[in-house]
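If you want the building blocks of each chain, they are given just below.
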Amino acid sequence: MKTSTSRRSVKMGDQIMREIATMLVEEIADPRLELVTISGVRMNKDNKIAEVMFTMSGDKEKIEAAITGLEKAKGFIRSKLSKRIRVRQIPELRFIHDNFLEEMVYGSKVERDLPDN
C-alpha cells in the first residue's frame, strides 16, 4: 500500500488513532483487547484505507486473539468513527501488529535466537 504524507492524511490518521484509542478504553468491552495500545495509523494515497497499527505484549496466541477481536469490532468502530469524524467516507480499517517497541527493547528475532558466547 502506498502511504500518503499529505497534511490532510496525517491529520486524519491522527484523529482516527485518537478516536479508536478512546473507544478501546471507554466503549469496547472485549477481554481480548484489554492490553491493546494503538501506536499509529497510516493512510493510503486516496484516504480509503487506514492501516491501524497496535502494540500488545504477549505471545502469538494473545496477539492473534487481539487481531480477531479487532476484526470483529471493525464494524462497530467504523460506525462510531462516522459519527465522530466529519469526512465524506470513513476508510476501510486494517489492523496490523506493530512490533517496533518489542524490537527496540528485546532486539530483533534474529538477535534473540543467537547463542550467547
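Rules and cut-offs
Residues numbered from 1 in each chain as written. Predicted model: local features only at pLDDT ≥ 70, side-chain atom pairs only at ≥ 80, totals over all residues. Heavy atoms only, no water. Helix = DSSP H or I, 4+ residues; strand = E, 2+ residues; numbered from the N terminus. Pairing = 2+ DSSP bridges. Axes fitted to C-alpha atoms, helices over the stretch in contact; angles between N-to-C directions. Contact = heavy atoms within 4.5 Å. Polar contact = N/O pair within 3.5 Å; in protein donor to acceptor, adjacent residues only side chain to side chain. Salt bridge = Lys/Arg side-chain N within 4 Å of Asp/Glu carboxyl O. Buried < 20%, exposed > 50% of the residue type's maximum accessible area, 1.4 Å probe, protein only. Parallel < 35°, antiparallel > 145°, perpendicular 65-115°, else oblique. Left-handed = near helix turned anticlockwise from the far one by under 90°. Nonpolar A, V, L, I, M, F, W, Y, C, P; charged D, E, K, R; others polar.

1. Examining unusual backbone geometry
(1) Moving on: The phi angle at Asn47 is positive, at roughly 60°, despite the residue not being glycine.
(2) Moving on: Positionally, Asn47 belongs in the loop between β1 (37-43) and β2 (49-55).

2. Side note on the sheet that holds β1
(1) Moving on: Spatially, β1-β2-β3 is the arrangement adopted by the 3 strands of the open sheet, whose pairing is mixed. At either end of the open sheet lies a strand with only one pairing partner, and these are β1 and β3 (92-97). Strand-to-strand twist of the sheet, defined as the mean angle between neighbouring strand axes without regard to direction, takes the value 25°.
(2) Moving on: Where β2 meets β3, 6 bridges bridge the pair, whose relative direction is parallel. Counterpart to Glu51 in the pairing with β3 is Arg94.
(3) Moving on: Helix-sheet contacts for helix α1 (residues 7-26) involve β1, β2 and β3, and the interaxial angle to β1 is about 150°.

3. Focus: the environment of Asp46
(1) Moving on: As for its position among the elements, Asp46 is in the loop between β1 and β2.
(2) Moving on: Once the C-alpha coordinates of Asp46 and Lys2 are considered, the two residues, 44 residues apart in sequence, prove to be 9.5 Å apart.
(3) Moving on: A polar atom in the side chain of Asp46 sits 2.8 Å from the side chain of Asn44.

4. Some words on the side chain of Glu51
(1) Moving on: Locating Glu51 in the fold gives a position in strand β2.
(2) Moving on: Within the structure, the side chain of Glu51 is placed 2.7 Å from the side chain of Arg42, a separation counted as a polar contact.
(3) Moving on: Residues within four places of Glu51 in sequence aside, it is in contact with Met1, Gly40, Val41, Arg42, Arg94 and Ile96.

5. Considerations on the pattern of salt bridges
(1) Moving on: In total, this model carries 7 salt bridges according to the counting rule given.
(2) Moving on: Among the ionic pairs, Lys80 bridges to Glu27, the shortest N-O distance being 3.8 Å. With Lys80 in helix α3 (residues 74-84) and Glu27 in the loop between α1 and β1, the pair connects residues that are 53 residues apart, well separated along the chain.
(3) Moving on: Since its relative accessible area comes to 24%, Lys80 is described here as partly exposed.
(4) Moving on: By relative accessible area, Glu27 is classed as partly exposed at 30%.
(5) Moving on: Among the salt bridges present, the one from Glu51 reaches Arg42, with a minimum N-O distance of 2.7 Å.

6. A few points about the packing of α1 against α3
(1) Moving on: Axis separation between α1 and α3 bottoms out at 11 Å; the angle between their running directions is 120°. Taken together, the axes of α1 and α3 are oblique relative to one another. For the crossing formed where α1 meets α3, the hand is right-handed. Between α1 and α3, the contacting residues are Gln15, Ile16, Glu19, Ile20, Thr22 and Met23 on the first element and Ile77, Lys80, Leu81 and Arg84 on the second.
(2) Moving on: Looking at the contact of α1 with α3, its residues break down into 5 nonpolar, 2 polar and 3 charged.

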